[in-house]
Structures are given as C-alpha cells and as structure tokens.
Amino acid sequence: MAKELTVGIAGLGAIGLHLARQLDAGVQGLRLAAVSARDLKKAQANIAGFKTPPMVVSNAELAACDIVVEAAPAAAFEEIATAAIEAGKIFVPSSVGALLPRMHLVERAKQTGARIIVPTGALLGLDAVRAAAEGAVESVTIETRKPPRGLEGAPYLKQHAIDVGAITTATRVFKGNAFDAAQGFPANVNVAAALALAGIGPERTMVEIWADPGVTRNTHTIRVEAAAARLTMTIENVPSEENPRTGKITPLSIVACLRGLTSTLKVGS
Ligand SMILES: NC(=O)C1=CN([C@@H]2O[C@H](COP(=O)(O)OP(=O)(O)OC[C@H]3O[C@@H](n4cnc5c(N)ncnc54)[C@H](O)[C@@H]3O)[C@@H](O)[C@H]2O)C=CC1
Ligand SMILES: O=C([O-])CC(=O)C(=O)O
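This is a predicted model, so every value here is computed, not measured. (Residues numbered from 1 in each chain as written. Chains lettered and ligands numbered in written order. Predicted model: local features only at pLDDT ≥ 70, side-chain atom pairs only at ≥ 80, totals over all residues. Heavy atoms only, no water.)

What follows concerns the domain arrangement of the protein chain. Annotation of the protein chain at the domain level lists domain 1 (5-122 + 249-262) and domain 2 (126-237). The C-alpha centroid of domain 2 is placed 24 Å from the C-alpha centroid of domain 1. The contact between domain 1 and domain 2 buries some 1,000 Å² in all, and 75% of this surface belongs to carbon and sulfur atoms. Inspection of the domain 1/domain 2 interface yields three residue pairs in polar contact (both at pLDDT 80 or more). In terms of residue class, the side of domain 1 that touches domain 2 is built from ten nonpolar, four polar and no charged. (Domains from an automatic or database assignment. Buried area = accessible area lost by both parts, 1.4 Å probe. Polar contact = N/O pair within 3.5 Å; in protein donor to acceptor, adjacent residues only side chain to side chain. Nonpolar A, V, L, I, M, F, W, Y, C, P; charged D, E, K, R; others polar.)

Structure (structure tokens):
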C-alpha cells in the first residue's frame, strides 16, 4: 500500500481553511498534520472542531510535513517556500505570481530533491497548454474579468491612481505580460503566472485585466495558438465569501492536485 503523506498548510484563509476542512474530512493517502497562520489564536479556534486537529506551528516548522501547501499572502511566500525547498519536500504554492521573480528556488529544489507542484488553481486547461508547449506555440493570452471589488488593493492600481470603486462600465485596467501582471496584481492574477509556467513563460504570456461591473464571477479566458491546436477556454469562478478576489474552486483544485500525488488512478497530465 502507498505510504500516507502528511500535509502542512500555511495560511487559513479562503483557500487554506477550506483545504484543511476537506483534508480533515478525509482524503485517501493524505493526513493534515500541521497548519501555520498569522493569528495563532484564530487558527486554534478554526481547527477546534476538527476530527483530528493539526498542530499549529510556524511557517518554517511546516517543512516537517511531506507536502507544504502555501495559502498565505504573497508577502509570506519566500519564508514558506524556502523552508519547504531546503528540507527537500513537495511544495505546492497558491501565490504562484511570487514564484516568477524567484525562479532560483526551482534551481535550489533540483539540489535538495524538493518538488514544486503548481496547482491549476482558479484556472483551467493547463494540461492542454503543457501539451501544446511540448511543440511550437505562437501565442498565449489570458483575459481576466473581475467585479471591481475583486481587484481592490492591487499595487498597480495605486501606482496608476485607478479607483476601481468608481468604475461603472467594463474597463481594461492592465495590458502587459504575465511577469508585470503578477507584480502589479499579486493577489489577483496568480492564474496568469500558472499559465505562463505551463506554457511559454512570463515574458511571452500576454495578460489583460478588466474591472467589469457587469460580471458577478471571476472570469478567465485563455487563448492559445499552437502548431498542434488552437485553444479557447473560459472559466467563471464564484468568488468566495471570505475573499472575493479568490474563486471558490481554488481550494478544490488543490485537493484534486494533492489527490493526484497519491492516487492509483490519475486522470489528466
Ligand atoms: N493559484 C490560484 O489560482 C489562486 C491563488 N490565490 C492566492 O493564494 C493566496 C491565498 O489566498 P486566499 O486564501 O484567498 O487569501 P486569504 O487572505 O483569504 O488568506 C490568507 C491567510 O493567510 C494568513 N496569513 C497572513 N500572513 C501570514 C503569514 N505570514 N504566515 C501564515 N499565514 C499568514 C492570513 O491571516 C489569512 O488567514 C493569495 O496569495 C492569493 O492571491 C488566490 C486565488 C487563486
Ligand atoms: O480566483 C481567481 O479567480 C483568480 C485569482 O484570484 C488569482 O489568480 O489570484
């Protein structure tokens, strides 16, 4: 029988708490062993009703687990990632945009034996993008539309004095590559970073971000023009109650990703 893997989760917000609850309810081959949080008291309260409450530890101590899932703000990414990678563990990032300027971590993982597994998260179709990228790819684009409040607080908006609260018609607030999108919108377009890593890289992956009062869902459309196929795919995510920037599908995608690490039958590349 396959060995059970222990899981540590950094951050118990819209993604982390849902993921923790699902693991506590039982996912074959996985055991939630530890969590970390900014507010330790709140974390203890959040896990109090769990069947098997995990330990509440520091971000660095999570690296005792076989798998470390980062579900914290991008600012905490480096601390969490470095500990897991130095310990040679499986590191599953949510704040994927924070990985783009830190690709040295991938080089370091090669030396320590760690693996970095980027979940599809709030996006779709990364299996097809990866397959297409094994051949020639002409272009990859992503258009993200969110209700204006789903973009609030982004550093790019502040720098360009864009008040999304005042937007009444669909407005394109950013056009550029995935690297710049991830820096300007660290809490909003991790999907663009994941797409870039799956396909042709952050410089060549082009991103448009729209503040759209006409949508109630976080909507992402990917377009790929490749030698083997042309893809157009759209996902419309229900924003989570805890954090409207984050689609409800994100923790579910991470559960599916973790399941794929231990399951006998795995579907999709
Ligand atoms: N890859 C993807 O498709 C997606 C990625 N994300 C990203 O995932 C990350 C988490 O998202 P959410 O759960 O929605 O955020 P959230 O804001 O709901 O939760 C983050 C949690 O981390 C905690 N935290 C703050 N500082 C911490 C620290 N230093 N150490 C440990 N925990 C800390 C906060 O108290 C909060 O409970 C964000 O960076 C977000 O942008 C969000 C949606 C989709
Ligand atoms: O949940 C979403 O729609 C996407 C998101 O916030 C992100 O990529 O950071």
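Time to look at the UniProt feature "domain: Aspartate dehydrogenase" (unreviewed entry) in the protein chain. In this numbering, the UniProt entry assigns the feature "domain: Aspartate dehydrogenase" (unreviewed entry) to residues 168-255. For residues 168-255, the end-to-end C-alpha separation is 37 Å, with 26% helix and 35% strand making up the annotated structure. (UniProt positions renumbered as here; feature names shortened; annotations may be inferred. Helix = DSSP H or I, 4+ residues; strand = E, 2+ residues; numbered from the N terminus.)

All right, on to the site of ligand 2 then. In the vicinity of ligand 2 lie 13 residues, with Lys146, Asn190, His220, Arg245 and Gly247 positioned nearest. Between Asn190 and ligand 2, the recorded distance is 2.8 Å, taken from a backbone N or O atom to an oxygen atom. Within the contact set of ligand 2, an oxygen atom lies 3.5 Å away from a side-chain nitrogen or oxygen of Asn237. Elements that contribute at least two residues to the shell around ligand 2 include exactly α8 (190-198) and β10 (218-226). Classifying every residue of the shell around ligand 2 gives four nonpolar, seven polar and two charged. (Near = heavy atom within 4 Å.)

Moving on, we come to the environment of Ala71. In this structure, Ala71 sits in the loop between β4 (67-70) and α3 (77-86). Ala71 sits in the buried class, given a relative accessible area of 14%. Ignoring any residue separated from it by four or fewer positions in sequence, one finds Ala71 in contact with Ile9, Ala10, Gly11, Ile15, Gly16 and Ser94. (Buried < 20%, exposed > 50% of the residue type's maximum accessible area, 1.4 Å probe, protein only. Contact = heavy atoms within 4.5 Å.)

Bringing the side chain of Thr144 into the picture now. By the secondary structure assignment, Thr144 is in strand β7 (residues 137-146). Note on Thr144: relative accessible area 1%, which makes it buried. Of the polar contacts made by the side chain of Thr144, one reaches the side chain of His220; its length is 2.9 Å. Setting aside residues up to four positions removed in sequence, Thr144 forms contacts with Val189, Val191, Glu208, Ile209, Trp210, Thr219 and His220.

Side chains Leu231, Met233, Ile235 and Asn237 project from strand β11 (residues 230-237) onto a buried face, and the interleaved Arg230, Thr232, Thr234 and Glu236 project onto a face without burial. In the sheet, β10 pairs with β11 via eight bridges, with the strands oriented antiparallel. Its bridge partner being in β11, His220 is matched across the sheet by Ile235. (Pairing = 2+ DSSP bridges.)

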